[in-house]
Every structure is written in C-alpha cells, then in structure tokens.
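A look at the structure
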Amino acid sequence: MTNTWMTERFTRELSALLAKNETYDVTFKSQDALTESDFESTEVLIAIPSPEILGKFKQLRWLQLFSAGTNGYTQGANFPEHVVLTNASGTYGLTISEHMLAMTLSMMRKFPVYMDQQKQEIWKNAGELQSIAGATVLVHGLGDIGGHFAQKVKALGAHVIAVKRVVYGDEAYADEVYDENELEHVLPRADVIASSVPGTKETYHLFDATKFSLMKSSAIFINVGRGENVDLEALCDALNTQKLAGAGLDVTDPEPLPKGHRAWHTKNLLLTPHASGGFTLAETRRRFLAILQDNLTRFETGRPLNNVVDMKTGYKKK
C-alpha cells in the first residue's frame, strides 16, 4: 500500500523487488483506493496504514511497517491478534544520526544566527562557540538511530552517556549507561541531549518544563523520535527565557506544525519537517529493501520473521 511520503525512486525500487516474487499477486494502492476485494484477499501489507482499517482485512497475516516507530499499533491498540507486526528497525540509523549530528554542529557553531544575519546583510561575529570534542553528550535511546549517533559523536571526542529503556551491559560507544529511571539524575551533566526514542505511553511529554529546568543553560536539545515526547510549549519557554541554549527538532506536536505557532519564531530553535528519515537517501532505501527481502523469504518458507514487534512495549523484540 503506497504512502504519500514515498519517493518515486523508492516506489520503483520496491516495485522491482516485489516483481521478483512469484508467490503472491502484488498490488500498489493508496489507502483511499482500497476496495472490498482488497479487504477480502490481502494477506500481506507493506505500509503505514491507519490502525482503524486493519480489522477490515479478513485474510491479513503480516503487516510490515515502513517506519521503526509503532505507536498507534501497540500498547493496548486494537491490533488484530492473528497478524504479525514487523517494523523497519535497522533502516534509518545512518540517515537520522547524520541529521542529528548536523543539527548539533549547526547549533554549536551558531549557524542559525549566521543565517539570520545573512538575510539581513549583517557581517558580525556571533561570539563564543561550543565543540563536540570534550563535550558530554547524553544519547537518549541507544537503538539503531541512537547507536549510530553515539558512534559519531564518540569519534569526534565526546564523552557519551546513554540512557535507555533496558540496560544489557554490552552497549557500544557509550562511556556510561543508565536506565530511564536515572534520566533526571544525569541531565544536569549534559552539554547535548539527543533523543531518538519512539512514542509510547511512557514517553508522552517526557521532556517537559521539569526536565528542561534540569539542563544546563548552555545545553543543546535534539529530538528526532516523536513530537509528542516533548512538551513544545515548555521547550519554547525554556529557549525564550535562555534556560536552554538551543534546540533542534525534526518532529513536533502537533505535526505538521501549524502556521502561526510560536515555535516557528522561537529564538535558537532549528526546525526540520520530519525530514531526517524517509527514503530520500539511497542507503536508507537499500537497508529497508534488504530487511523486506529477508522477511519475504522467511514468510514464504514459514520461518520466523525478523523485526517482530513486542505489542506490550512497542519495541522490536530483543
């Protein structure tokens, strides 16, 4: 099933992969174009469908999401019990971590200030800068995305503190590792806080006025997980009162961000329109198609699928 954010090139590459499959009839359709016949016969969906339509599919056995996030399908959602849900974990680590790094460096080097000055034809040094080298970077979430980001900032000389849902003891690229219960304890130490966790009941407005008050006034906050994980009004307040040096958001709540929202004009807030992931990078497409090809082969041969989602937590099963 097609989605509006899919690129033409990705659609062609996905079509080519599925065309090799001789086991099933393959149909590309938008959700609005689905017919009663589709609901009666479809066994596999590759899409991000509206959760409420899933119950209409009489023969559905497997839903492969384009996304790593699973909010709306798990944690008590009315997801069909007989359907296996797999996500795209392992697809977006490279592209989103590069986006996070670009945001971090842009804020540290005051590029938003210089961009504003350029528009006004002002030639002026913006003053003191920060560096990743020697900085303490708190990586919130150490999955595919957070792990890639930790690796990058570690290579640039940062001291990496990881905060994650479950600590296994074998976390790479982190100098220190804590579970979620320790987040407030380590926030005051961080020069950069970079969050990439999915949206769950536990993460809703996790970063609120209290969390921002614990951060250094010189700290930079980055979020590429889900917009609802951040209280946007509280973030704007923290930036406007200089309780926080800067922030970069690729996701917001609400999303799309409405015209006229104060966040558009909040000083030292860098916004991108949920553009860090998607399929605009060739390597991202390659990674997703490799995951899909492997799971298609597994499905056809009756073997367990990879990236199966735990319906209670919303995360990929370990």
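Notes on the structure in this doc start here. (Residues numbered from 1 in each chain as written. Predicted model: local features only at pLDDT ≥ 70, side-chain atom pairs only at ≥ 80, totals over all residues. Heavy atoms only, no water.)

**Regarding the packing of aromatic side chains**
This is how it is decided: Stacked, tilted and edge-to-face pairs are distinguished by plane angle, under 30 degrees for stacked and over 60 for edge-to-face with tilted covering the rest, among Phe, Tyr and Trp rings (Trp via its six-membered ring) whose centres lie within 6.5 Å. For every residue, the accessible area (1.4 Å probe, protein chains only) is compared with the maximum for its type, and the residue is labelled buried under 20%, exposed over 50%, or partly exposed between those bounds. To sit over a ring, a charge needs its Lys NZ or Arg CZ within 6 Å of the ring centre and within 35 degrees of the ring normal.
The final tally for this structure, using the stated rule, is 12 aromatic pairs. Seen from their ring centres, Tyr 73 and Phe 79 are 6.4 Å apart, and the 85° between their planes marks the pair as edge-to-face. What makes Tyr 73 buried here is its relative accessible area of 4%. You can call Phe 79 buried: its relative accessible area is 11%. Directly above the aromatic system of Tyr 315 lies the positively charged group of Arg 165, at a separation of 4.1 Å from the ring centroid.

**Comments concerning the sheet that holds strand β8 (residues 220-223)**
The condition is simple: Between any two strands, pairing holds if DSSP finds at least two bridges. Where helices and strands are cited, they refer to DSSP runs of H or I of at least four residues and of E of at least two residues respectively, numbered from the N terminus. Inter-axis angles, ranging from 0 to 180 degrees, are taken between N-to-C directions of lines fitted to C-alpha atoms, where helices are fitted over the stretch in contact.
Here we have 7 strands laid out as an open sheet, ordered β6-β5-β4-β7-β8-β9-β10, and parallel in their pairing. Unpaired on one side and paired on the other, β6 (176-179) and β10 (269-271) mark the two borders of the sheet. The mean inter-strand angle of the sheet, taken between neighbouring strand axes irrespective of direction, is 15°. With 3 bridges connecting them, strand β9 (residues 246-249) and β10 associate as parallel partners. Opposite Leu 249, over in β10, you have Leu 271 as the bridge partner.

**Things to note about the pattern of salt bridges**
Filter applied, for reference: One side-chain nitrogen of Lys or Arg within 4 Å of one carboxyl oxygen of Asp or Glu is enough to make a salt bridge.
Tallied over the entire structure, the rule returns 13 salt bridges. Between Lys 29 and Asp 38 there is a salt bridge, and its shortest N-O distance comes to 2.7 Å. Residue classification places Lys 29 among the partly exposed positions, given a relative accessible area of 21%.

**Observations regarding the packing of helix α3 (residues 93-108) against helix α5 (residues 144-155)**
This is how the line gets drawn: By the definition adopted for this analysis, an angle is roughly parallel if under 35 degrees, roughly antiparallel if over 145, roughly perpendicular if from 65 to 115, and oblique otherwise. Each helix crossing is assigned a hand: it is left-handed if the near helix lies turned anticlockwise from the far helix by less than a right angle, otherwise right-handed if that turn is clockwise. Working rule for contacts: check all heavy atoms of both residues, and any pair within 4.5 Å makes them a contact. The classification used treats Ala, Val, Leu, Ile, Met, Phe, Trp, Tyr, Cys and Pro as nonpolar, Asp, Glu, Lys and Arg as charged, and all other residues, Gly among them, as polar.
The geometry of α3 relative to α5 is characterised by a closest axis approach of 8 Å and an angle of 50° between their N-to-C directions. Taken together, the axes of α3 and α5 are oblique relative to one another. When you trace α3 past α5, the crossing you get is right-handed. On α5, the residues that touch Gly 93, Leu 94, Ile 96, Ser 97, Glu 98, Met 100, Leu 101 and Thr 104 of α3 are Asp 144, Ile 145, His 148, Phe 149, Lys 152 and Val 153. Class assignment of the residues belonging to the contact of α3 with α5 gives a composition of 7 nonpolar, 4 polar and 3 charged.

**Focus: the packing of helix α1 (residues 8-19) against helix α9 (residues 282-301)**
Contact pair α1 / α9: the axes reach a minimum separation of 11 Å and the direction vectors enclose 25°. Overall, the two elements α1 and α9 adopt an arrangement that is roughly parallel. Where α1 crosses over α9, the two elements pack in a sense that is right-handed. When α1 is examined against α9, the residues Arg 9, Phe 10, Glu 13, Leu 14, Leu 17 and Leu 18 are found in contact with a partner set consisting of Arg 285, Phe 288, Leu 289, Leu 292, Gln 293 and Leu 296. Grouping the constituent residues of the contact of α1 with α9 by class yields 8 nonpolar, 1 polar and 3 charged.

**Brief notes about the nonpolar core**
Counted only if it meets this: Residue types Ala, Val, Leu, Ile, Met, Phe, Trp, Tyr and Cys, when buried and joined through side-chain atoms within 4.5 Å, form a set referred to as a nonpolar core.
Core analysis: the biggest nonpolar cluster contains 41 residues, and Phe 66, Met 100, Phe 149, Val 153, Phe 288 and Leu 292 have the highest contact counts within it. Of the residues forming this core, the biggest block, 6 residues, is contributed by α3.

**Observations regarding the sheet that holds strand β2 (residues 62-64)**
The 3 strands lie next to each other as β1-β2-β3, forming an open sheet whose pairing is parallel. Two strands lie at the open edges of the sheet, namely β1 (44-46) and β3 (84-86), each paired on one side alone. Between one strand axis and the next, the sheet turns by 10° as a mean value, whatever way the strands run. Sheet topology places β1 next to β2; 3 bridges connect them, and they run parallel. For Ile 46, the partnering residue across the bridge sits in β2 and is Gln 64. Running at roughly 170° to β2, α9 makes contact with β1, β2 and β3 of the sheet.

**Here we look at unusual backbone geometry**
For the peptide bond that leads from Asp 253 to Pro 254, omega is 10°, which places it in the cis range. Considering the arrangement of structural elements, one finds Pro 254 in the loop between β9 and β10. The amide bond that connects Glu 255 to the next residue, Pro 256, takes the cis arrangement and shows omega of 0°. Looking at the secondary structure, you find Pro 256 in the loop between β9 and β10. Located in the positive-phi region is Tyr 173, a residue other than glycine, with phi close to 70°. Mapped onto the fold, Tyr 173 is located in the loop between β5 (159-164) and β6.

**Observations regarding the side chain of His 140**
As a reminder, the rule being used: Residues adjacent in sequence count toward polar contacts only when both atoms are side-chain atoms; beyond that, a polar contact is any pair of N or O atoms within 3.5 Å, and within protein one must be able to donate a hydrogen and the other to accept it.
With respect to the helices and strands, the residue His 140 is situated in strand β4 (residues 136-140). Here the side chain of His 140 touches Ser 195 through a polar contact of 2.8 Å, side chain to side chain. Not counting chain neighbours up to four residues away, the residues in contact with His 140 comprise Val 163, Glu 180, Leu 183, Ala 194, Ser 195, Ser 196, Val 197, Leu 206 and Phe 207.

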